[in-house]
Amino acid sequence: MASVRLPLAPTAGPAPSRRRIPAWTLALPPAAALGVFFLHPLALVVWQSLSPDGGGPGLSAYTEVFAQTAFRDALRTTVLIAVGATAGALLLGFALALVIAFVPMPGGKAIGRFVDVFLSFPSFLITLALLFVYGNAGLANGLWTGATGAASGPFDFLHTPWGVLLAEITYFTPFVMRPLLAAFSQLDTAQLDVAASLGARAPRIVRQVILPEALPALAAGGSLVLVMCLNEFGIVLFTGAKGVTTLPVLVYGKAILEGDWTGACVVAVVNIVLSLALYGLYRTLTARLEGARRARA
């Protein structure tokens, strides 16, 4: 009997090789946009501060600006207000986050959501709100003069460094609360129950259980607030505080009011260096705190 051979299916040839696009080419568009819209203007500012007359680079402009009393006063005022506002925002934000996260009360979740909405508000809007409340013709002074018949009210601090400090604390406190609320939502409440069952009171629970877990979030929020306070311009401008000149305000004054572009670039570079140094400190601090937290775990 003759054998029947079935036709074999045609064997598929080798798949055509596809040329893959190198992964580094995907980074070219965002790198180009970053270079054109950010790094190039920044390089121009640095070059203008180093070479004001278009000649060779030098530090003569820095020497001249550093010798000015206005610059030293602005640097000191900027650091003091930034540190004070950061400390106030940390204390107030930690206290409010504790209440929202651990104290049973109606509307707690709604308040937590409002914190997210508050982050989108512009800084000058908070300043205007404070002016409506504590300004010379504001609500508080109006109630005082209406009740006592006095010619003016007792609240006249918004045009002072204390007014700038209050406005910055009010505006930047939610930036501390947001990471704290996220950290508290991941905290194991069983630890709190065990500590309470062992007789620990609320201050001790906060100090020994909650605070160690909140340190990375406090470091993150505090570092962010400190950098933002160093670069804040709108709050200082809208409060109209007399004698309160920060580095951003000094940049504005030199560039727009005096036409001293070289001096403005020098002050801007100093402000950038301060911000980058604080960012580096923030990265180092958060890395150490995260490592310590993992070691405890």
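The preceding data block contains the structure.
The present account deals with the structure reproduced in this document. (Residues numbered from 1 in each chain as written. Predicted model: local features only at pLDDT ≥ 70, side-chain atom pairs only at ≥ 80, totals over all residues. Heavy atoms only, no water.)

**Some thoughts on the overall build of the chain**
The secondary structure content of the chain amounts to 12 helices and 0 strands. Listing the helices and strands of the chain from first to last along the sequence gives α-α-α-α-α-α-α-α-α-α-α-α. Within the chain, buried positions represent 32% of all 297 residues. Taking as baseline every contact in the chain between residues at least 6 positions apart, the subset at least 24 positions apart corresponds to 70%. Carbon and sulfur atoms provide 68% of the accessible area of the chain, an area that totals close to 18700 Å². (Helix = DSSP H or I, 4+ residues; strand = E, 2+ residues; numbered from the N terminus. Buried < 20%, exposed > 50% of the residue type's maximum accessible area, 1.4 Å probe, protein only. Contact = heavy atoms within 4.5 Å. Areas by Shrake-Rupley, 256 points an atom, 1.4 Å probe, with all protein chains shown as cover.)

**A look at the nonpolar core**
Ranked by internal contacts, the top residues of the largest apolar core, which has 45 residues, are L180 and F184. Excluding anything up to four places from it in sequence, L180 contacts G93, F94, A97, A214, A217 and L218. In this structure, Y62, A74, L247 and L250 belong to the second largest nonpolar core, which totals 11 residues. (Core = buried A, V, L, I, M, F, W, Y, C linked by side-chain atoms within 4.5 Å.)

**Focus on the environment of L166**
Looking at the secondary structure, you find L166 in helix α7 (residues 161–185). Classification of L166 by relative accessible area gives partly exposed; the value is 30%. Along the sequence, L166 and A89 sit 77 residues apart, while their C-alpha atoms lie 9.7 Å from each other. Aside from chain neighbours lying at most four places away, what touches L166 is L130 and F157.

**Topic: the pattern of salt bridges**
Any two side chains of opposite charge can pair, given that their charged atoms come close. For the structure on display, the rule yields 2 salt bridges. In this structure, the salt-bridge partner of K254 is D260, at a minimum N-O distance of 3.9 Å. The class of K254 is buried, set by a relative accessible area of 5%. For D260, a relative accessible area of 28% puts it in the partly exposed group. (Salt bridge = Lys/Arg side-chain N within 4 Å of Asp/Glu carboxyl O.)

**Let's talk about the layout of surface pockets**
Here the second largest pocket is characterised by a volume of approximately 170 Å³. Around the second largest pocket, the lining residues are L92, L96, I100, I111, F114, V115, F118, T170, T173, P174 and M177. Those elements that provide at least two residues to the lining of the second largest pocket are α3 (69–102), α4 (108–118) and α7. Broken down by class, the residue content of the lining of the second largest pocket amounts to 9 nonpolar, 2 polar and no charged. (1 Å grid on protein atoms, 1.4 Å probe; cavity = no way out; pocket = protein on both sides within 12 Å on 5 of 7 lines; lining within 4 Å. Points joined across faces, edges and corners; volume = space filled by probe spheres on them. Nonpolar A, V, L, I, M, F, W, Y, C, P; charged D, E, K, R; others polar.)

**Focus: the packing of α3 against α7**
Across the interface, α3 lies against α7 with an axial gap of 6 Å and an inter-helix angle of 45 degrees. Comparing their axes, α7 and α3 come out oblique. Crossing angle aside, the handedness with which α3 passes α7 is right-handed. Among the residues making up the contact of α3 with α7, the classes are represented as 21 nonpolar, 4 polar and 1 charged. (Axes fitted to C-alpha atoms, helices over the stretch in contact; angles between N-to-C directions. Parallel < 35°, antiparallel > 145°, perpendicular 65-115°, else oblique. Left-handed = near helix turned anticlockwise from the far one by under 90°.)

**Observations concerning a nonpolar patch on the surface**
Together, V99, V103, M105 and I111 make up a nonpolar patch on the protein surface, roughly 280 Å² of accessible area in all. By relative accessible area, which is 32% here, M105 ends up partly exposed. (Patch = residues over 30% accessible without salt bridge, like charges linked within 9 Å, V, L, I, M, F, W, Y side chains within 5 Å.)

**What to know about the side chain of S275**
Positionally, S275 belongs in helix α12 (residues 261–296). Only 3.1 Å separates the side chain of S275 from the side chain of N231, close enough to count as a polar contact. Ignoring anything within four residues of it in the chain, the contact list for S275 reads V227 and N231. (Polar contact = N/O pair within 3.5 Å; in protein donor to acceptor, adjacent residues only side chain to side chain.)

**Re the packing of aromatic side chains**
The full count for this structure, using the stated rule, is 10 aromatic pairs. Here Y171 and F175 contribute two aromatic rings whose centre-to-centre distance is 5.7 Å and whose plane-to-plane angle is 55 degrees, an arrangement assigned as tilted. Within this pair, Y171 and its partner F175 are both found in helix α7, separated by 4 residues, close to a single helical turn. Residue F175 is classed as buried on the basis of its relative accessible area of 14%. Three or more aromatic residues joined by ring pairs form one cluster here, namely Y62, F66 and F71. (Phe/Tyr/Trp six-rings, centres within 6.5 Å; stacked < 30°, edge-to-face > 60°.)

**Re the packing of helix α8 (residues 189–197) against helix α9 (residues 202–230)**
The relative placement of two packed helices is expressed as an angle between their axes plus a distance between the axes. Between α8 and α9, whose axes approach to 11 Å, the crossing angle comes to 145 degrees. The crossing of α8 and α9 is right-handed. Contacts between α8 and α9 involve Q191, L192, A195 and A196 from the first element and I205, V209 and I210 from the second. Split by residue class, the contact of α8 with α9 holds 6 nonpolar, 1 polar and no charged.

**Brief notes about the side chain of S49**
Among the structural elements, S49 can be located in helix α1 (residues 28–50). Judged by its relative accessible area of 0%, S49 is buried. For S49, the side chain forms a polar contact with the side chain of Y62, separated by 2.8 Å.

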